[in-house]
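Notes for the structure review
These are the residues of each chain, in order.
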Amino acid sequence: MTAEPAVPGKPLGVYRTLRLVAAVLLMTVGGAAMYGVIVTLKPVGLEFEVSRGMASLPYMLFMIGFGVGGVAFGWVVDRVGIMPPALLASLALPSGLMLASQAASLFQFCLAVFVLCGLLGASVTFAPLVSDISLWFYRRRGLAVGIVISGSYLAGAVWPPILQHFIDSVGWRETFFGAGLIALAFMLPLSAVLYRRAPVSASQLRTDGGSGPPRPLGFLPVQLQCLICAAGIGCCAAMAMPQVHIVAYATDLGYAAQRAAEMLSLMLGFGIVSRLASGWISDRIGGLNTLLLGSFLQCCVLAAFLVGDSLTALYAISIAFGLSQGGIVPSYAIIVRTFFPPSEAGWRIGVALLFTIIGMALGGWMAGALYDLTGSYTASFVNAIGFNLLNMAIAAKLLQRAKLQPAPYAAV
């Protein structure tokens, strides 16, 4: 068992716990921009007089900036630590929200959301934050990472109903400006808690010198990486349909916007339960089995959206969707760690998660575009199911290969 590193001048257990809490809260506050863009999809579209597909563009651009920034800042964190990027994000994200509130056109709104909120802001509060916390825990690293990454869903449980309440009361512009002030007030002090560098460097975690099986699961490494990335696009393009459009979908059915925001909150709140439980499940059945299980359940719930449109049914389906899909994305990190050398885990996991984010961006935009073409969300749900089936096919193929070849790094 690897010994826990010491932190000079401060009891390790106390500081690690404080750092873990700060990381969860930072990820939660950092989610304000993402869920702000989701909740304001309809009012922003109406204000700027654009189609539903064009109104979905800010979310797509935000997610692209979010993913690319996560890979770039992950590289920076390996060299200078998490605090400098976190301080930058603490200024960029609030500035983006406040500038978006003053946008005179959809282009200006998209620019603020893409560059400041996504690329320079929220991106730091996801993959780089998870990577950093993994260096502080050993015996309970999986639990610590699961707790931190649940901050993204905690944000989804907290922000939508709050934002929707103030949008209904004072308008989306005032709400965005106020959210920016709140983010600034919380993110700066939370970032300051992360002032210490990790007690070990990434190079000290390398255990194999970068060597590994030349054909993991019978594939060339680049082939397996591409399949993992394709699976990420498939599951998350499907996942984005309810997450991005549930508020618009429910209001189209005649339900109040506040009820619709509550559905999104329930969806993401129960996703926290799923995300924590999936770590426990993966420890027992492996990442590939967990991916296939979650993908199958997600597909079933997407089909349920096509037949259940009463208020009670939508609440129930939203809960079921959260419970089914929360653990899918974390399973990719486990798959990478199982079939690739530990020395390659950082960049390979970063690339895999980037493609899940691209899938979310693509799925959110496609759902809006299909709505514009057909006048309903039926085709959007069918499209999501199609992407989900792609993900299941890839997971099943990889699982079939895994039965013929032992997992080389499952215990490393």
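Residues numbered from 1 in each chain as written. Predicted model: local features only at pLDDT ≥ 70, side-chain atom pairs only at ≥ 80, totals over all residues. Heavy atoms only, no water.

1. Structural notes on the state of the cysteines
In the structure shown here, the tally under the stated rule is 0 disulfides. For the unlinked cysteine Cys-226, the closest cysteine sulfur is that of Cys-229, found at 6.3 Å. (Disulfide = S-S within 2.5 Å.)

2. As for unusual backbone geometry
Phi at Glu-49 takes a positive value of approximately 55°, unusual for a residue other than glycine. Turning to its location among the elements, Glu-49 is positioned in the loop between α3 (41-48) and α4 (52-55). Of note, Leu-217 is a non-glycine position whose phi angle comes to about 60°, a positive value. Tracing the chain through its elements places Leu-217 in the loop between α11 (172-192) and α12 (221-252). (Helix = DSSP H or I, 4+ residues; strand = E, 2+ residues; numbered from the N terminus.)

3. Points about empty space enclosed by the protein
Under the counting rule described, the total for this entry stands at 4 cavities of 30 Å³ or more. Taken as a whole, the largest cavity spans an internal volume of roughly 230 Å³. Around the largest cavity sit 16 residues that line it, and Met-63, Phe-126, Tyr-153, Arg-275 and Met-360 are the ones nearest its centre. Contributing elements (two or more residues each) for the lining of the largest cavity: α2 (32-39), α5 (57-80), α10 (151-170), α12 and α17 (345-374). What the second largest cavity holds in volume is close to 70 Å³. Every residue along the wall of the second largest cavity is listed here: Met-27, Gly-30, Gly-31, Met-34, Tyr-35, Phe-62, Phe-66, Ala-122, Thr-125, Phe-126, Ser-152 and Ala-155. (1 Å grid on protein atoms, 1.4 Å probe; cavity = no way out; pocket = protein on both sides within 12 Å on 5 of 7 lines; lining within 4 Å. Points joined across faces, edges and corners; volume = space filled by probe spheres on them.)

4. Observations concerning helix α14 (residues 287-305)
A rise of 1.5 Å per residue sets the reference length of α14, with its 19 residues, at 27 Å; its end C-alpha atoms lie 27 Å apart and thus fit the reference within 8%. Among all positions of α14, only Gly-287, Leu-288, Thr-290, Leu-291, Gly-294, Ser-295, Gln-298, Cys-299, Val-301, Leu-302 and Phe-305 are buried. (Expected span 1.5 Å × (residues − 1). Buried < 20%, exposed > 50% of the residue type's maximum accessible area, 1.4 Å probe, protein only.)

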